[in-house]
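Structural characterization, general
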Amino acid sequence: MGYVSLAGDKNNLPRFRPDGTFRVMQFADIQDVAPVSPDSLALMAAALDAERPDLVVLTGDQVKGYAPAFRHKSPQEVEALTRRTIEQVCTPMVSRGIPFVVTYGNHDRQCGLDNAAQEAFYRAQPGCLNATAWAELCPGTLCLPILASNESDDARLAIWLADSGAGDIGGGYEAFPTETLDWLAGTADRLAAEKDHPAPGILFQHIPLPQVYECLRPARTDEKGIPGYRAHYTPHLKLVCAEDYLESGTLREPVCCPDADSGEFDALSKQGSFFGVFFGHDHKNTLVARYGGMRLGYAPTAGFGSYGPSVERAARVFTFTENDPASFETHLLDYRTLVSAQAPHPLHDRISSTTPVTAEEAREAFRTPALIASAAAITAVACRVIHSITKRR
C-alpha cells in the first residue's frame, strides 16, 4: 500500500477525547484456537469494561498456529478454523464497538495461512482499523495517527505497529527486518513534513528488542533473576533489571529477542519522534524500563490458551495526553483483580507458570534447588485438587 496522504482519511482516524486524553489497551499473546478459552475472553471483556479504551492493539500470536487442531487438515478446514479463531478473539471489541488494530507474532502464520490471508479476516470485523491506516507497508506494519481533539487534522500522536518477524531458520528469532526499519523512519519523516511538526510515536510489535538486555545487571544471591537467551546467555549468570532503568514490573522468563541487533533502536532513536516500544512474546514478563530516552516494555499474555503467569495474565493500559503524549501513564489490569483470584485450572496454571520455557532456563534450573521446589509445589497442588474431587464424591 505504501505511503498514503492523510487528507483523505482524517474522518476515519481516531481523535483525542474532548478532555485531551486518549486511552489504548494492549492485548498480547492470546495464542489460542477456536473455541477460544472463555477465561481469556472473560479477562478481555472485564478489562475493556473497566477502562473503555479508545483503541485496542493486538500485538501478535493471537492464533496458536502450532496447535494440533491445524494439523492434517485440508486448506479449507485450516482457513475456516483460523477465521473462527480470529472472529472469537475480536468478539470482545466488536461487541462493544471499540476499534482495534492488529499485528502478528511468530506463531500466527504457523497455522498454514500467511499474515495476508489472516489480515483479510481481521479487516472483515467491524472496528478493525488496519484498512484505514494512514500508511501501511505490509499486513501488521502500519501507522495510525491520533488526531487533535479540536476537530482539526493535526496529528498529536502516532500509533505504529510492526510485524517483527518469526522464527529464524537457524533457531531463535530473525532480526527485525531492515526494510521495516527504513519504512518506519521514512514514513515518520513524511508525516512530520505533512503536519509541519513531528508526531510523537509509540511502536507496538511482538518480539522484544535486544536493548532490554542492556537494562539488566547480574542478580545478587538474594534476588530471583532470569538467565539470558541464546547469544545473551552466560552459564551460572542470572539477570534482573538495573535500578537506573527500572520503571515497573519484572522479568519471570528470559528475554527471547533476536541474537542479532539489526539497528532498530538506533534507527528509531535517530529519527527522533519515537518515545516508546512495547511488545509481548515472553508471556510472564511485565517489565517497563527507561532506556536511551525511550520506554521499553512488556504486556504479559492475556490468554489462557498457552503458558502464562496464572491469574496475573493481564491487559496493559496506556493513557496519553494531547499536549505531552510521551509522558504517558501505563498500568496492568490482571485476571486476579478483574475476574477471580482463583486460577481457573490450578494444576495446569501452576505447571505453566513455573516450568522453564527455554533450554537456558531449564539448564539453570537443574543447577539450583528451584527445579525441586517447583516439582514439590506442583505435586502439592495436584494433591489438593485430587483431595477436593474425592471430597465432592
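The rules behind the values
- Residues numbered from 1 in each chain as written.
- Predicted model: local features only at pLDDT ≥ 70, side-chain atom pairs only at ≥ 80, totals over all residues.
- Heavy atoms only, no water.
- Helix = DSSP H or I, 4+ residues; strand = E, 2+ residues; numbered from the N terminus.
- Buried < 20%, exposed > 50% of the residue type's maximum accessible area, 1.4 Å probe, protein only.
- Contact = heavy atoms within 4.5 Å.
- Pairing = 2+ DSSP bridges.
- Right-handed = clockwise from strand over helix to strand, strands pointing away.
- Expected span 1.5 Å × (residues − 1).
- Phe/Tyr/Trp six-rings, centres within 6.5 Å; stacked < 30°, edge-to-face > 60°.
- Lys NZ or Arg CZ within 6 Å of the ring centre and 35° of its normal.

1. Considerations on the environment of T354
As for its placement among the helices and strands, T354 is situated in helix α7 (residues 346-354). Relative accessible area serves as the criterion here: at 23%, T354 is assigned to the partly exposed category. In the structure, T354 is positioned 308 residues away from A46 in sequence and 26 Å away in space, judged by C-alpha atoms.

2. Points about the environment of A314
One can find A314 in strand β15 (residues 314-321). For A314, a relative accessible area of 1% puts it in the buried group. Considered as a pair, A314 and L332 are 18 residues apart in the sequence and their alpha carbons are 6.1 Å apart. If sequence neighbours within four positions are ignored, A314 has contacts with L43, P300, T301, A302, L332, L333 and D334.

3. Structural notes on the pairing of strand β8 (residues 201-205)
Where burial is concerned, most of β8 is hidden: five out of the five residues are buried. Strand direction decides the pairing type here: strand β7 (residues 155-162) and β8, joined by five bridges, are parallel. Within the sheet, the bridge partner assigned to A158 lies in β8 and is G201. Crossover connection from β7 via helix α4 (residues 178-195) to parallel β8: handedness right-handed. Summarising the sheet, β8 and strand β12 (residues 274-279) pair through four bridges and their orientation is parallel. When the sheet's bridge partners are listed, I202 is paired in β12 with G276.

4. Some words on helix α2 (residues 75-94)
For the α-helix, the turn length of 3.6 residues means that residues three or four positions removed from each other point alike. Over its 20 residues, α2 extends 27 Å from the first C-alpha to the last, a length consistent with the 28 Å expected when each residue adds 1.5 Å. Taken as a whole, α2 has its buried residues at V78, L81, T82, T85, I86, V89, C90, P92 and M93.

5. Thoughts on the packing of aromatic side chains
Inspection of every chain in the model, using the stated rule, returns 17 aromatic pairs. Seen in terms of ring centroids, F279 and Y298 are 4.9 Å apart; in terms of plane orientation they differ by 90°. Their pairing is edge-to-face. One end of the pair, F279, is in strand β12; the other, Y298, is in strand β14 (residues 294-298), with 19 residues separating them in the sequence. In terms of burial, F279 and Y298 fall into one category: buried. Aromatic pair F320 and F328: ring centres 5.4 Å apart, planes at 50°, arrangement tilted. In terms of burial, F320 and F328 fall into one category: buried. An aromatic cluster is defined as three or more aromatic residues linked by ring pairs; in this entry it consists of F204, F275, F278, F318, F320 and F328. Cation over ring: R295 sits above F328, and NZ or CZ is 3.6 Å from the ring centre. Between the NZ or CZ atom of R313 and the centre of the ring of F304, over which it lies, the distance is 4.3 Å.

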